[in-house]
Amino acid sequence: MEADIVRQESVKKPASLLPVLGLTFATFIFNTSEFVPIGLLTDIARDFSITESNAGMLITVYAWVVAIASLPLMLVFAKTENKKLMLSITALFVASHVISGFSRDFYMLMISRIGVACAHAIFWSIVTPFAVRIAPEGKESAALGMVVCGSSIAMIVGLPLGRTIGLYMGWRATFFVIGALAAVIWCIMAAILPRTPSDSSISLRKLPALIKSPALLNIYLVTVIAITGHFTSYSYIEPFLAQSAGLGENAITLVLTLFGIVGLVCSFIFSRYYSRHPERYIGFAVGGICVFMFLLHAASMNTVTAVLLCILWGFAINFYNLSFQSEIIRNAPKGTAVAMSIYSGIYNIGIGAGALIGGYVCSGLSVNYVGYAGGIIASAAAVVCFRYLMPALKR
């Protein structure tokens, strides 16, 4: 069953997972960079004499650039050999972080972050299908789990470390360190990644045929709704835990770290058992996001139940990310990178829309209600998933 995740076409598969490990390192550094400005906004705002809300545009613009650029960039580079493309976007990533560190004003910093966002847009379009293609026979699910594991480690180690460097050495040092680590990872990937031809010959003219698949269309529809619902709540989880659950700063940091630790556990479970009952993981992921957000406010009445619910919620969203990427690879053996780029763009639309809706809920009602708002949105995703997506995904 694992072999069904991807159709290999005249690609000699390596005997070990070592090349996938290189992509895991890359995933770690890309995800660390994506979210590290969250912990540096105050210092950036102070340095450029702007408000924190204006500095927060770094995050908003980044997400929307990824959303808008993913598909066009992937169509342009669809025929580029995978290793060459991966090394090229990592080089752009390194250069953009050097520019970030030397930024003379906020606009220069914003331009450098747009460069990182463009690299990110292509990276998440190709990294998971690339990892699956170069995985040893029968280890495709393990490869996908390793890549997502890199994201989880970024949440556990990368973000706190980036913030700590910023606090003691200044925010510019954080960007320089990320750029330096990315340069080291570039060297590692140059040494161990095999050359593999692109699996995509999709052009703009052929794009409608690619997205005609009922399974892909429903994956995209569920994703934009479910991720909007998730980030309606998750974007404001820190003030929610502080105000509703009464948790202190250290306890909140622990809860957020648990989200990353849960991701490691999910990667292990997924790599071993997903191929046996994929529908159970998909059902738990989509249904869980919906149910756990509805229960968020009630669970906040007690510290233990609040923490336990956040752990379960972490399982749901991590299984979601793993399962849906796996199904895209399985349902788009031709043009996988382009199909994944559409998914990445839609996912980032959900991030931006969820943060926007959650902000309106917080300012218009109260942060206590973000769980209900997210749950209502996610319930629509659950209806689409169980009514239309699950039948379309039947093997």
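This one's a predicted model, so the numbers in the text were calculated from it and none came from an experiment.

(A) A look at the overall build of the chain. A count of helices and strands for the chain gives 17 helices and 0 strands. The long-range share in the chain, meaning contacts at least 24 apart out of those at least 6 apart in sequence, stands at 85%.

(B) Molecular detail of the environment of Val 304. Following the sequence through the fold, Val 304 ends up in helix α15 (residues 303-331). With a relative accessible area of 54%, Val 304 lands in the exposed category. Put simply, Val 304 and Ala 245 are 59 residues apart on the chain and 9.7 Å apart in space, counted from C-alpha to C-alpha.

(C) Up close: the packing of aromatic side chains. Within this structure, the stated rule accounts for 16 aromatic pairs. On the basis of an interplanar angle of 70° and a centroid distance of 5.0 Å, the ring pair of Phe 102 and Phe 176 is categorised as edge-to-face. Taken together, the residues span a long stretch of sequence, with Phe 102 in the loop between α5 (82-101) and α6 (106-134) and Phe 176 in helix α8 (residues 171-192) at a distance of 74 residues. Taking relative accessible area as the criterion, Phe 102 reaches 56% and is therefore assigned exposed. Classification of Phe 176 by relative accessible area gives partly exposed; the value is 32%. Note on Tyr 320 and Phe 324: the rings are 4.0 Å apart at their centroids and 15° apart in plane angle, and the pair reads as stacked. One end of the pair, Tyr 320, and the other, Phe 324, are both in helix α15, 4 residues apart, so they sit about a helical turn from each other. For Tyr 320, a relative accessible area of 0% puts it in the buried group. Linked through ring pairs, Tyr 281, Phe 284, Phe 292, Phe 315 and Phe 319 together constitute an aromatic cluster.

(D) How the structure looks around the nonpolar core. Membership of the largest hydrophobic core comes to 65 residues, with the highest contact counts inside it found for Tyr 220, Val 222, Leu 241, Tyr 320, Phe 324 and Tyr 343. Per element, the largest residue contribution to this core is 12 residues, and it comes from α15. Setting aside residues up to four positions removed in sequence, Leu 241 forms contacts with Gly 246, Leu 247, Ile 252, Val 255 and Cys 310. Grouped together as the second largest cluster of nonpolar side chains are 49 residues, Phe 106, Ile 126, Ala 131 and Ala 337 included.

(E) Focus on a nonpolar patch on the surface. A cluster of nonpolar side chains, Val 291, Phe 294, Leu 295 and Ile 376, forms an exposed patch at the surface whose accessible area comes to about 340 Å². With respect to the secondary-structure elements, Val 291 resides in helix α13 (residues 278-294). Assessed through its relative accessible area of 41%, Val 291 is described here as partly exposed.

(F) Looking closely at the packing of helix α10 (residues 214-234) against helix α16 (residues 336-364). The interhelical angle for the contact between α10 and α16, taken along N-to-C directions, is 30°, at an axis separation of 7 Å. Classified by the angle between their axes, α10 and α16 sit roughly parallel to one another. You can see that α10 and α16 cross each other, and the crossing is right-handed. Here the contact of α10 with α16 is composed, by residue class, of 15 nonpolar, 6 polar and no charged.

(G) Seen up close, the side chain of Ser 96. Position of Ser 96 relative to the elements: it lies in helix α5. Here Leu 92 takes part through its backbone oxygen, which lies 2.9 Å from a polar atom of the side chain of Ser 96.

(H) Fine view of unusual backbone geometry. A positive phi angle, near 55°, is found at Ser 49, a position not held by glycine. Along the chain, Ser 49 turns up in the loop between α2 (41-48) and α3 (52-55). Judged by its relative accessible area of 67%, Ser 49 is exposed.

(I) Quick peek at the confidence of the model for the chain. Looking at the chain, the pLDDT average stands at 82 and 88% of residues meet or exceed 70. Per-residue pLDDT, averaged within each element of the chain, yields its smallest value for helix α9 (residues 207-210) (64) and its largest for α5 (94). Across residues 1-10 the pLDDT falls below 50, and counting only partners more than four positions away or on other chains, this stretch makes 27 contacts in the model.

(J) Representation of the pattern of salt bridges. A complete count under the given rule lists 3 salt bridges for this structure. Its salt-bridge partner being Asp 43, residue Arg 46 comes within 2.9 Å of it at the nearest N-O pair. With Arg 46 and Asp 43 both in helix α2 and 3 residues apart, this pair spans about one turn of that helix. Overall, the relative accessible area of 18% leaves Asp 43 in the buried class. With a shortest N-O distance of 3.8 Å, Arg 195 and Glu 81 are connected by a salt bridge. One end of the pair, Arg 195, is in the loop between α8 and α9; the other, Glu 81, is in the loop between α4 (57-76) and α5, and 114 residues separate them in sequence. Accessibility expressed as a relative area gives 64% for Arg 195, which makes it exposed.

Reading the values: the criteria
- Residues numbered from 1 in each chain as written.
- Predicted model: local features only at pLDDT ≥ 70, side-chain atom pairs only at ≥ 80, totals over all residues.
- Heavy atoms only, no water.
- Helix = DSSP H or I, 4+ residues; strand = E, 2+ residues; numbered from the N terminus.
- Contact = heavy atoms within 4.5 Å.
- Buried < 20%, exposed > 50% of the residue type's maximum accessible area, 1.4 Å probe, protein only.
- Phe/Tyr/Trp six-rings, centres within 6.5 Å; stacked < 30°, edge-to-face > 60°.
- Core = buried A, V, L, I, M, F, W, Y, C linked by side-chain atoms within 4.5 Å.
- Patch = residues over 30% accessible without salt bridge, like charges linked within 9 Å, V, L, I, M, F, W, Y side chains within 5 Å.
- Areas by Shrake-Rupley, 256 points an atom, 1.4 Å probe, with all protein chains shown as cover.
- Salt bridge = Lys/Arg side-chain N within 4 Å of Asp/Glu carboxyl O.
- Axes fitted to C-alpha atoms, helices over the stretch in contact; angles between N-to-C directions.
- Parallel < 35°, antiparallel > 145°, perpendicular 65-115°, else oblique.
- Left-handed = near helix turned anticlockwise from the far one by under 90°.
- Nonpolar A, V, L, I, M, F, W, Y, C, P; charged D, E, K, R; others polar.
- Polar contact = N/O pair within 3.5 Å; in protein donor to acceptor, adjacent residues only side chain to side chain.
- pLDDT = per-residue confidence, 0-100.

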